[in-house]
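# Descriptive analysis of the structure
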Amino acid sequence: MTTISDCYLRQTSPGEEQLYDHLLYCVQTESPSELLARIRNLFIQGTDYTDYQVRSALLDIVNSKQAEQQFKYILNRCCHILINRWQMQPHLQAAIPDLVDLFTKLPPPGFTSARGTRRIRSLVKDFTSSEQYLTLRRLAQVVNDKVGTSDNDDRQSVGSLINRYPYLYEYCLLSEDSSYEHQETVRQVQARIQRRFELDISQYVTYQVRRASCGKRRQTSEMPPVKNPTLLSDRELGASLKQFVGKVEGGKTHRDLAENFITQSSQVPSFRVFKDELYDYLTSSLDTKYGQRKFNDRLYNQLKNTLPQSDSHKPDEFLLLRTSSQLLNFLVVESPQRPNHYVYVDLITNIGVTATIVLLLKILLICRKVKPFLEKRFSILFNHYESSTQDGVPWLVKSLENLHLAFSIHFGNADLSCLQQIM
C-alpha cells in the first residue's frame, strides 16, 4: 500500500497531540452521534466547544505559520481517528458517510466576528478542496455501499462506482499522508468487497451452468434466480468469461499460453530475441485486420525501442518487469501528468473491450509483478473521468468491469470450475 509520506512523519506539535489524544479518548467513550456533534462544533461551526483547552490547542494550530500547508493533514488525521475505530465495528460504519457529509454544510467564514472562528472555517473550506477530502469522500462512498447503476441510472457519475472496484482502492482511497492505521482500514474494506464479489460471481456462474443443464429437462422454474453481479449484460459477461476462462487457441487457455511462453522464452539467447517472441505472443490473439493496419507496427516499434542498450543481454526478471511496465504505459495511459490514452481508446474501438483486456491480461500472466502497475494505470483513467457520467464513457465502465472479472479469476479466489462443463 501507499507508504507514509514525509508530511505524515513530520514531528507533531503539542497542540496537535492534544487534539489527537482528545479525539482518541472520545471515540472510545462516546457514541457516533456525540462525536459528530463534537466535530461539527469544533471544526464546522468553530464555536461553543465545551473543552476550552482543546479549542485553545486548535486555535494555536490554525494561527501557526504552517497552517496553510499542514491543516489539511491534521484535519484528515482527526477524521481517520474516528473512521478507523468505527470501521472495526460494523454497526458503527454508517457514521463514516455522516462524518464526511458534515463538510458539505459549511457556514460562510465571514458570518462571525470572531477572528479564530473565521480562521478555522476558512481552513476547513480549503480542506474540502484537497486530495485528502476527496479520498474521504471516496471511502464514504465505499462504506455506504452505493454502487452506482444498481437502478440502471447511467447518468450517475463514474465516481459513484468506486465501491465496485477494490483494485482501485489503494490509489483512490489513500492520500500522501495516509497513516498505517488508515492503510489497514482500506485493506480490510478492500478484502471484504473483493470476497463478496468473488462469491457473487461464483454463485452467478453456478446458477447459469445449472440453468443451462436443467433447461433441457424444463426445470428452470424451480431454481431461484441469481443476479448478474456486474454492470455487463448477461451476453457481455458470458463472452468475457469465455475469453478469460475458456480455451482460446489450439485447445489452450490464456494461462496455458502464458506458461508456454514463459518456458520457451527462458531459452532465448538475447533480450532482442525475447522481444520478438513477446511480440508474437501478444499479437496472436489480436484481430488480424486491425493489427495489419497500424497497431502491430506500433507495438513492434514500442518493443524494439524498449531498453535497446540491453538487446544483447540475456533476458532476466528486471528486463521483463521494465518491458511489461512500459508496455502498459503504451497500451493504457502513461501518468496523471500525461493522461493521454489514444492507443487504449483505439484498441477498444476496433477490437472491443474484452479483447483489449485480454491483451493486458496476457502481459500480467507472464509478469504478475506489474499487476499493481496496471491497477495504477486504470486509477489514472478513473480519476480523469470521475466526474463524467457513466453513459458518457461506457467504454471505461465496461473496461473496469472486465478488469475486475479478469483479476478475480486469475489472481483471486473466484471458483468458476463448473464452467468447464459447458466450455
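Predicted model only: the values in this text are computed from it and were never measured.

The rules behind the values
- Residues numbered from 1 in each chain as written.
- Predicted model: local features only at pLDDT ≥ 70, side-chain atom pairs only at ≥ 80, totals over all residues.
- Heavy atoms only, no water.
- pLDDT = per-residue confidence, 0-100.
- Contact = heavy atoms within 4.5 Å.
- Axes fitted to C-alpha atoms, helices over the stretch in contact; angles between N-to-C directions.
- Helix = DSSP H or I, 4+ residues; strand = E, 2+ residues; numbered from the N terminus.
- Parallel < 35°, antiparallel > 145°, perpendicular 65-115°, else oblique.
- Nonpolar A, V, L, I, M, F, W, Y, C, P; charged D, E, K, R; others polar.
- Phe/Tyr/Trp six-rings, centres within 6.5 Å; stacked < 30°, edge-to-face > 60°.
- Buried < 20%, exposed > 50% of the residue type's maximum accessible area, 1.4 Å probe, protein only.
- Lys NZ or Arg CZ within 6 Å of the ring centre and 35° of its normal.
- Left-handed = near helix turned anticlockwise from the far one by under 90°.
- Arc of directions from axis to C-beta.
- Core = buried A, V, L, I, M, F, W, Y, C linked by side-chain atoms within 4.5 Å.
- Expected span 1.5 Å × (residues − 1).
- Bend = angle between axes of the 7 residues up to and from the residue.
- Salt bridge = Lys/Arg side-chain N within 4 Å of Asp/Glu carboxyl O.

### What about the confidence of the model for the chain?
Confidence in the prediction of the chain, expressed as mean pLDDT, is 89, and 91% of residues score 70 or more. Every residue in residues 1-8 scores below 50 in pLDDT, and together they form 26 contacts with partners more than four places removed in sequence or on other chains.

### With respect to the packing of helix α5 (residues 67-87) against helix α7 (residues 115-127)
The geometry of α5 relative to α7 is characterised by a closest axis approach of 9 Å and an angle of 75° between their N-to-C directions. In terms of orientation, α5 lies roughly perpendicular with respect to α7. The residues of α7 that touch α5, namely those facing Ala67, Glu68, Phe71, Lys72, Leu75 and Asn76, are Arg119, Leu123, Val124, Asp126 and Phe127. Looking at the contact of α5 with α7 residue by residue, the classes come out as six nonpolar, one polar and four charged.

### Quick word on the packing of aromatic side chains
By convention here, two paired aromatic rings are described through the distance between centres and the angle between planes. The final tally for this structure, using the stated rule, is 16 aromatic pairs. For the ring pair Tyr167 and Phe407, a centre distance of 5.2 Å and an interplane angle of 90° mean the geometry is edge-to-face. Of this pair, Tyr167 sits in the loop between α8 (131-143) and α9 (169-172) while Phe407 sits in helix α19 (residues 394-410), and the two are 240 residues apart along the sequence. Using a relative accessible area of 5% as the deciding quantity, one classes Tyr167 as buried. What makes Phe407 buried here is its relative accessible area of 6%. Counting every residue linked through ring pairs, the aromatic cluster contains Tyr165, Tyr167, Phe407 and Phe411. Above the face of the Tyr281 ring, Lys362 is positioned so that its terminal group lies 4.7 Å from the ring centre. Stacked on the ring of Phe373, the Lys or Arg Arg377 has its end atom at 4.0 Å from the ring centre.

### So, the side chain of Gln302
With respect to the secondary-structure elements, Gln302 resides in helix α14 (residues 288-304). Sequence-distant contacts of Gln302, defined by excluding residues within four places in its chain, comprise Gln326, Leu327 and Phe330.

### A few points about unusual backbone geometry
The backbone phi angle of Leu307 is positive, close to 45°, even though this residue is not glycine. Taking relative accessible area as the criterion, Leu307 reaches 9% and is therefore assigned buried.

### Regarding the packing of helix α13 (residues 271-283) against helix α17 (residues 353-366)
For the pair α13 and α17, interaxial distance at closest approach is 9 Å and the crossing angle is 135°. The pairing of α13 with α17 is recorded here as oblique in orientation. Between α13 and α17 lies a crossing whose hand is right-handed. Touching Leu278, Tyr281 and Leu282 of α13 are Leu359, Lys362, Ile363, Leu365 and Ile366, all from α17. When the residues that make up the contact of α13 with α17 are grouped by side-chain class, the tally is seven nonpolar, no polar and one charged.

### Brief notes about helix α16 (residues 342-351)
Every buried residue belonging to α16 is among Val343, Tyr344, Leu347, Ile348 and Ile351, and all of these are buried. Buried residues of α16 fall within an arc of 125° about the axis and therefore sit on the same side. Projecting away from the buried face of α16 at angles above 90 degrees are the exposed residues Tyr342 and Thr349. Looking at the buried side of α16, the elements it contacts are α14, α15 (317-331), α17, α18 (371-384) and α19. Just downstream of α16, Gly352 is the residue with a positive phi angle, here 95°.

### Description of the nonpolar core
With 129 residues, the main nonpolar core has Phe43, Trp86, Phe103, Phe295, Leu331 and Phe378 as its most contacted residues. Beyond its immediate chain neighbours, meaning those up to four positions away, Trp86 contacts Val27, Pro32, Leu35, Leu36, Leu92, Gln93, Ala95, Ile96 and Leu99.

### As for the side chain of Asn76
Along the chain, Asn76 turns up in helix α5. Classification of Asn76 by relative accessible area gives buried; the value is 2%. Apart from residues lying up to four places away in sequence, Asn76 is in contact with Phe127, Gln132, Leu136, Ser175 and Asp177.

### What to know about α14
An ideal rise of 1.5 Å per residue puts 24 Å on 17 residues; α14 reaches only 21 Å between its terminal C-alpha atoms. If you look at α14, its biggest bend is around 60°, right at Lys294. Those residues of α14 lying buried are Tyr290, Gly291, Phe295, Asn296, Leu299, Gln302 and Leu303. At its buried positions, α14 is contacted by α13, α15, α16 and α17.

### So, the pattern of salt bridges
Think of it this way: side chains of opposite charge can pair up when their charged atoms draw near. Tallied over the full model, the rule gives 12 salt bridges. Here Glu401 makes a salt bridge to Arg164, at a shortest N to O gap of 2.7 Å. With Glu401 in helix α19 and Arg164 in the loop between α8 and α9, this residue pair connects regions lying 237 residues apart in the sequence. Note on accessibility: Glu401 and Arg164 belong to one class, buried. With its nearest N and O atoms 2.8 Å apart, the salt bridge here joins Glu236 to Lys398. You can see Glu236 sitting in helix α11 (residues 234-245) and its partner Lys398 sitting in helix α19, a full 162 residues away along the chain. When its relative accessible area of 33% is taken as the criterion, Lys398 is described as partly exposed.

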